[in-house]
Amino acid sequence: MRGEHQLFAGLNFVLGSGELLQVQGANGSGKTTLLRSLCGFIQPQAGVIHWHGQSIRELEEDFYSDIIYLGHLNGIKDELNALENLRFSSAMAGYEVSDSVAIAALRRMGLRGRETFPVKVLSQGQRRRVALARLLISKASLWILDEPLTALDVSAVGMMQEVIGEHLVQQGMVIFTTHQALEVTGVETRLLSLS
Amino acid sequence: MSKLTLFRMSGLVINRELTLAMRRRADVLTTLIFFVMVVSLFPLAIGSELDILRKIAPGVVWVAALLASMLSLGRMFSADYLDGTLEQMMLVPQSLSMLVLSKIIAHWMMSGLPLVLIAPVLGLQFDMSAGALLVLIAALLLGTPVLSMIGAVGAALTLGLRGGGVLVSLLVLPLCIPVLIFGTGAVDAVTSGMSAAANLSLLGAFLLVSLLFTPWIAAQALRISME
């Protein structure tokens, strides 16, 4: 529910380890609302969301240490450089990493030579890459990605498919929305359609 | 999974806020310059009648501090809200209240502390005695953090609203009146030859009570604003 408007009802699904779920739907069908509910930002009007058999409302902080969420906003600071942004956001999630680990993650994301540029001089796609580099450092098992591919070029999309594939092989879980094609080899994408 | 200790997390947040402030120094300076200008306007407008100036000094400094702190409130959460860092902070596996408290401390270090440091210089324009200046500093040290904390609640409640800047002042200013009364009362007491202890103790009590409750209230308000 957003305001008086009902977006979806009667939704029921279980995601197991190593599974990839794509949430589909037209613009305004409630994809983002669903993902934000899964993170606990929005409380559903009815129904519950469980994680390992316990309601996420009760788990709270224990649940947050198992998930990573990437929304429409990148969650990075313009005034800081890519390295500072990545190290801070990872540290807040509980992974304090050295410069070399963070630089390696940024390079893998194709930001070689841009590590110490203030984010405000980077392009939209490069900013997205900075935000996505968190995925490489985090050990969270559930990734909730809202339109992760916006502004990314072809090579970066390929890279994301690879990264998601690796995460699934390690028994991770990914829920994402996208309007672009995202094919992860060796894994069947489950579809959830909102209409 | 290595969970951060609360202490380490606060350190990280404060450090980041200060780094950010250093890269946008203009924000910090505007608050400070506003404070200096407002306080300096009074001696210019009223003239050099020292008796009147001495009498109004604590009130003028406190009102100016209150207004200056309103100026910087809008920035406390809104930038983080707009670029998405706030929603990431809400997913940090740590107490959100502690995070908010760290942000408040950092905010005070950039908006409140500079006012405290420059106030004695401004007090000289009003021919304040050394004793009165000392009490003024003590009162500001106890009182300005309270302004930041009450302000944080207002800023969190009005997050994402249009015209939030004005609204936050309307919400927060009435709540700051007790701080204003006892803050000026402390200086008045000293200038009239009494002890400022009672007023300062009350300011200290305000500080402790708001330290206990406001971070939690602001955290709840942020959760509501994020829906």
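Below is a summary of the structure that appears in this document. Bear in mind that the values here come from a model prediction, so they are computed numbers and not experimental data. (Residues numbered from 1 in each chain as written. Chains lettered and ligands numbered in written order. Predicted model: local features only at pLDDT ≥ 70, side-chain atom pairs only at ≥ 80, totals over all residues.)

## Overview of the overall build of chain B
Stated precisely, the cut-off is as follows: The secondary structure listing takes helices from DSSP runs of H or I that are at least 4 residues long and strands from runs of E that are at least 2 residues long, numbered from the N terminus. Atoms considered for the radius of gyration are the C-alpha atoms alone. The globule rule reads 2.2 Å times the number of residues to the power 0.38. For the purpose of contact definition, each residue receives a C-beta atom placed from its backbone, and two residues are in contact when these atoms lie within 7 Å.
Within chain B, the secondary structure is distributed over 10 helices and zero strands. The N-to-C order of helical and strand elements in chain B reads α-α-α-α-α-α-α-α-α-α. Its C-alpha atoms give chain B a radius of gyration of 18 Å, near enough to 17 Å, the size a compact globule of 227 residues would have. With the principal axes as the frame, chain B shows a C-alpha extent of 65 × 30 × 30 Å. Intrachain contacts of chain B at a sequence separation of at least 6 include 80% that bridge at least 24 residues.

## Thoughts on the overall build of chain A
Helix and strand counts for chain A come out as seven helices and seven strands. When the helices and strands of chain A are read in sequence order from the N terminus, they spell out β-α-β-β-α-α-β-α-α-α-β-α-β-β. Relative to the globule expectation of 16 Å for 195 residues, the C-alpha radius of gyration of chain A, 17 Å, shows essentially globular dimensions. Relative to all contacts within chain A whose residues are 6 or more apart in sequence, the contacts with residues 24 or more apart total 70%.

## Quick look at the nonpolar core
For clarity, the threshold we go by: By our criterion, buried Ala, Val, Leu, Ile, Met, Phe, Trp, Tyr and Cys residues that link up through C-beta atoms within 7 Å make up a nonpolar core. Partly exposed residues are those falling between the two cut-offs: more than 12 but fewer than 20 other C-beta atoms within 10 Å of their own, whereas 20 or more means buried and 12 or fewer means exposed, with C-beta atoms placed from the backbone.
Core analysis: the largest hydrophobic core is formed by 118 residues, its most contacted members being A:Leu106, B:Val61, B:Ala139 and B:Ala156. B:Ala139 has contacts with B:Gly183, B:Ala186, B:Val187, B:Leu200 and B:Leu203, leaving out every residue within four places of it along the chain.

## Some details on the interface of chain B and chain A
Contacts between chain B and chain A engage 23 residues on the former and 24 residues on the latter. If you list the elements that add at least two residues to the side of chain B that touches chain A, you get helix H1 (6–23) and helix H5 (85–90) of chain B. Here the element with the most residues in the side of chain B that touches chain A is H1(B); it accounts for six residues.

## Re the sheet that holds strand S4 (residues 67–70) of chain A
All names here are of chain A. For the record, the criterion: Two strands form a pair only when DSSP identifies at least two bridges running between them. Angles shown run from 0 to 180 degrees and are taken between the N-to-C directions of axes, each axis being a line fitted to C-alpha atoms and, for helices, limited to the stretch in contact.
Strands sit in the order S4-S5-S6-S1-S7 across an open sheet of five strands; the sheet is parallel. Edge positions in the sheet fall to S4 and strand S7 (189–194), since each has one partner strand and no second. Pairs of neighbouring strands in the sheet enclose a mean axial angle of 15 degrees, with direction left out of account. Sheet topology note: the strand S1 (residues 20–25)/strand S6 (residues 173–177) ladder contains four bridges and is parallel. Residue pairing for S6: Val-23 is matched across the bridge by Thr-177. Contacting S1, S4, strand S5 (142–146), S6 and S7, helix H1 (residues 31–39) runs over the sheet at an angle of about 150 degrees to S5.

## Side note on helix H4 (residues 75–83) of chain B
Residue and element names in this part refer to chain B. Our working definition: It is the directions from the helix axis to the C-beta atoms that the arc portrays.
The set of residues buried in H4 consists of Met-76, Phe-77 and Asp-80. Take H4 and look down its axis: the buried residues cluster within an arc of 65 degrees, on one side only. Looking at the buried residues of H4, the elements they touch are helix H3 (50–73), H5, helix H6 (96–124), helix H7 (130–157) and helix H10 (197–226).

## Re the pairing of S4(A)
Within a regular beta strand, the side chains point alternately toward one face of the sheet and then the other, so they alternate between its two faces. Residues and elements named next belong to chain A. What you see with S4 is no split at all: Ile-67 and Tyr-69 on one side and Ile-68 and Leu-70 on the other are buried throughout. The sheet contact formed by S4 and S5 spans four bridges and is parallel. When the bridges of S5 are listed, Leu-70 appears paired with Leu-145.

## Focus on the packing of helix H9 (residues 177–191) of chain B against H10(B)
All names here are of chain B. Which entries qualify depends on this criterion: Convention used here: angles under 35 degrees read as roughly parallel, angles over 145 as roughly antiparallel, angles from 65 to 115 as roughly perpendicular, and any remaining angle as oblique. Throughout, a crossing is termed right-handed when the near helix is turned clockwise from the far one, and left-handed when it is turned anticlockwise from it by less than a right angle. Classification used: nonpolar for Ala, Val, Leu, Ile, Met, Phe, Trp, Tyr, Cys and Pro, charged for Asp, Glu, Lys and Arg, polar for all others including Gly.
Contact geometry for H9 and H10: axes closest at 8 Å, N-to-C directions at 155 degrees. Judged by the angle between their axes, H9 and H10 are roughly antiparallel. The hand of the H9/H10 crossing is left-handed. Of the residues in H10, those in contact with Pro-178, Val-179, Phe-182, Gly-183, Gly-185, Ala-186 and Ala-189 of H9 are Asn-199, Leu-200, Leu-202, Leu-203 and Phe-206. Residue classes in the contact of H9 with H10 are distributed as nine nonpolar, three polar and no charged.

## What about the packing of H3(B) against H7(B)?
All names here are of chain B. Close contact between H3 and H7 brings their axes to 10 Å; oriented N to C, the two are set at 30 degrees. When the axes of H3 and H7 are compared, the pair comes out roughly parallel. In terms of crossing hand, the pair formed by H3 and H7 is right-handed. Residues Pro-58, Val-61, Ala-65, Leu-66, Ser-69 and Leu-73 of H3 pack against Leu-136, Leu-140, Thr-144, Leu-147, Ser-148, Gly-151, Gly-154 and Ala-155 of H7. In terms of residue class, the contact of H3 with H7 is made up of nine nonpolar, five polar and no charged.

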